[in-house]
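# Examining the three-dimensional arrangement
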Amino acid sequence: VTGKHFKIDPSIDVICLQNSSYIGDINEFLAKDADAVKSHLSNDTNRQTWWSSPDATSTGTTSPISFNGHIDFSGAAIVGMYNTQGGLFEKVGPNATFDNFEIKNCYVTAVDAGTLFGFTDSSYDSTNGTIQIKNAEFSNCYVESKGGNDYRVGAVAGLLRGNKGISMTNVAIYNNITTFTNTKTAADPVNRYGAIGSVWTNVSGSTETEDVYFQFE
């Protein structure tokens, strides 16, 4: 998806990615902290799994399709996401932009793990670009990396690779837990947690933050 513009109906306040019978009282669910969110979304009875991109059967390829367009969420909050692919989007391109949204009370467990996206598209490695995030909030999410890539986990994104930058403006990131499922040795400590889990190779795009608030458990 390249160059497309999408806008969520401004009358939509909450986009819940579970059935109401699974979530229960939405206000009680939104009052949960990250650990309680993980516990709730670990119950697989009638749970819905959010698929970040079409699977290989429907696309005829083993590689997930990347998003490289623009979305204005119009202030909507995405809640209740259970995801095993990497986030709301598994893979994004160098010019993806995301505006006016919240991601809260979600549980992501994947190799490259973030709430918004898992990783940047390697097919764009030689293409400069800056992923933009504006007017956003990430809170009460439990994000874990699995499969040996414990450093590729962040509250926003798991892995930024190639000639990509990222710009975050007016963003709040708080009360999230970022962790991993495998064991590290003392010689290889985990110290790259935060908004973005890890950065590979050159970052030629603009990488900047403005009015960004961080707080991690």
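In what follows, the accompanying structure is described.

Cut-off values and rules
- Every chain begins its residue count from 1, and numbering advances along the sequence as written.
- Only residues with pLDDT of 70 or above have their local features reported here, since the model is predicted, and side-chain atom pairs are shown and tallied only from 80 upward, although totals for entire chains, interfaces and linings are computed over all residues.
- Working from all heavy atoms in the structure, the side-chain values ignore hydrogens and water.
- Here, a salt bridge means any side-chain nitrogen of Lys or Arg that lies within 4 Å of a carboxyl oxygen of Asp or Glu.
- Helix and strand definitions follow DSSP, with helices as H or I runs of at least four residues and strands as E runs of at least two, each counted in order from the N terminus.
- Definition of nonpolar core: a set of buried residues of the types Ala, Val, Leu, Ile, Met, Phe, Trp, Tyr and Cys, connected through side-chain atoms within 4.5 Å.
- Think of it in three bands: with a 1.4 Å probe and only protein chains considered, a residue is buried below 20% of the maximum accessible area for its type, exposed above 50%, and partly exposed in between.
- Here a residue-residue contact requires only that any non-hydrogen atoms of the pair lie within 4.5 Å.
- Any two cysteine sulfur atoms within 2.5 Å of one another count as a disulfide.

### As for the pattern of salt bridges
- This model, assessed by the stated rule, comprises four salt bridges.
- Lys-7 is the partner of Asp-72 in a salt bridge, and the nearest nitrogen-oxygen pair spans 3.1 Å. Here the residue Asp-72 occupies a position in strand β3 (residues 68–79), and Lys-7 occupies one in strand β1 (residues 2–7), the gap between them amounting to 65 residues.

### Describing the nonpolar core
- One finds Phe-98, Phe-101, Leu-116, Ile-133, Phe-138 and Val-156 to be the most contacted residues of the largest nonpolar core, which totals 36 residues.
- Mapped by element, the contributors of at least two residues to this core are β3, β5 (89–92), β6 (97–104), β7 (107–110), β9 (129–139), β11 (157–160) and β12 (164–180).
- When sequence neighbours within four positions are dropped, the list of residues in contact with Phe-138 reads Phe-101, Ile-103, Thr-115, Leu-116, Ile-133, Ala-155, Val-156, Val-171, Ala-172, Ile-173, Tyr-174 and Asn-176.
- Core analysis: the next-biggest nonpolar cluster, separate from the first, contains 10 residues, Tyr-22, Phe-29, Ala-34 and Tyr-82 among them.

### Some thoughts on the state of the cysteines
- Following the criterion strictly, the structure yields zero disulfides and no others.
- No disulfide involves Cys-106; its sulfur sits 4.5 Å from the nearest other cysteine sulfur, which is in Cys-141.

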